[in-house]
Amino acid sequence: MGKGTYNVDTMFWEAIDRMKPLMDQLKGSEERRWDEYGDAPHKGVYVLYENSHPIYVGRSNNMRNRIREHGADSSDRYSATFAFKLLRQALNNPEGRAEDIERAHRDEYRQQRERVRAMTFQAVEITDQLEQTLFETYAINDMCTAPQYNDFETH
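Residues numbered from 1 in each chain as written. Predicted model: local features only at pLDDT ≥ 70, side-chain atom pairs only at ≥ 80, totals over all residues. Heavy atoms only, no water.

A. Quick look at the environment of His70. Position of His70 among the secondary structure elements: in helix H3 (residues 63-71). Using a relative accessible area of 0% as the deciding quantity, one classes His70 as buried. Between the C-alpha atom of His70 and that of Gly28, which follows or precedes it by 42 residues, the distance is 23 Å. Contact partners of His70, with chain neighbours within four places excluded, come to Tyr46, Leu48, Tyr56, Ser79, Ala80, Thr81, Phe82, Ala83, Arg113 and Val116. Side-chain polar atoms of His70 contact the side chain of Tyr46, separated by 2.7 Å. (Helix = DSSP H or I, 4+ residues; strand = E, 2+ residues; numbered from the N terminus. Buried < 20%, exposed > 50% of the residue type's maximum accessible area, 1.4 Å probe, protein only. Contact = heavy atoms within 4.5 Å. Polar contact = N/O pair within 3.5 Å; in protein donor to acceptor, adjacent residues only side chain to side chain.)

B. Region of interest: helix H4 (residues 81-90). Of all the positions in H4, only Phe82, Ala83, Phe84, Leu86 and Leu87 are classed as buried. Looking at the buried positions of H4, the neighbouring elements they touch are strand S2 (44-50), strand S3 (53-60), H3, helix H5 (98-104) and helix H6 (106-117). Immediately beyond the C-terminal end of H4, within one or two residues, lies Asn92, with a positive phi of roughly 60 degrees.

C. A look at the nonpolar core. The biggest cluster of nonpolar side chains holds 21 residues, and the ones touching the most others in it are Tyr46, Leu48, Ile55, Tyr56, Phe82 and Met119. For this core, the secondary-structure elements that each account for two or more residues are S2, S3, H3, H4, H6 and strand S4 (120-125). Here this core takes five residues from H4, the largest share from any one element. Formed by 16 residues, the second largest nonpolar core is a distinct cluster that contains Val47, Ile126, Phe135 and Ile140. (Core = buried A, V, L, I, M, F, W, Y, C linked by side-chain atoms within 4.5 Å.)

Written out as structure tokens, the structure is:
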């Protein structure tokens with residue numbers, strides 16, 4: 001290989017080898033309340049828990065802000081996407097445009113953001129984007145949050 005080139009196959013398998021140790025690190029991390037996001041890692045993967053049960057896995061390059069957005073009163077369907085997913089589920093997945101659903105069910109959506117605020121989370125710092133992507137998928141499967149809350153649908 002010449003200068004500036006890399007072996008993608010090697011990088012991928014090295015990242016795969018780090019999945020189990022990262023899961024151990026995540027599960028060993030401090031469980032925090034929603035409002036304790038201030039000392040969360042900056043970049044990485046997080047798991048939201050409801051009644052000590054893992055319910056949702058996400059990743060972010062600005063994790064503190066992302067966790068806050070999930071439950072903030074000022075958040076909308078674009079920033080509180082998990083709460084919006086909970087709303088759709090509570091309404092038995094209604095048809096229609098997201099903005100119409102959000103507008104018509106404002107009080108119920110607020111309740112779902114409050115539900116998220118009652119959740120706890122754990123997080124692990126992962127700065128490498130390939131590792132973040134792989135680990136999010138690994139954690140979703142390890143913690144069995146799919147398919148109800150984590151899916152691999154494109155939007």
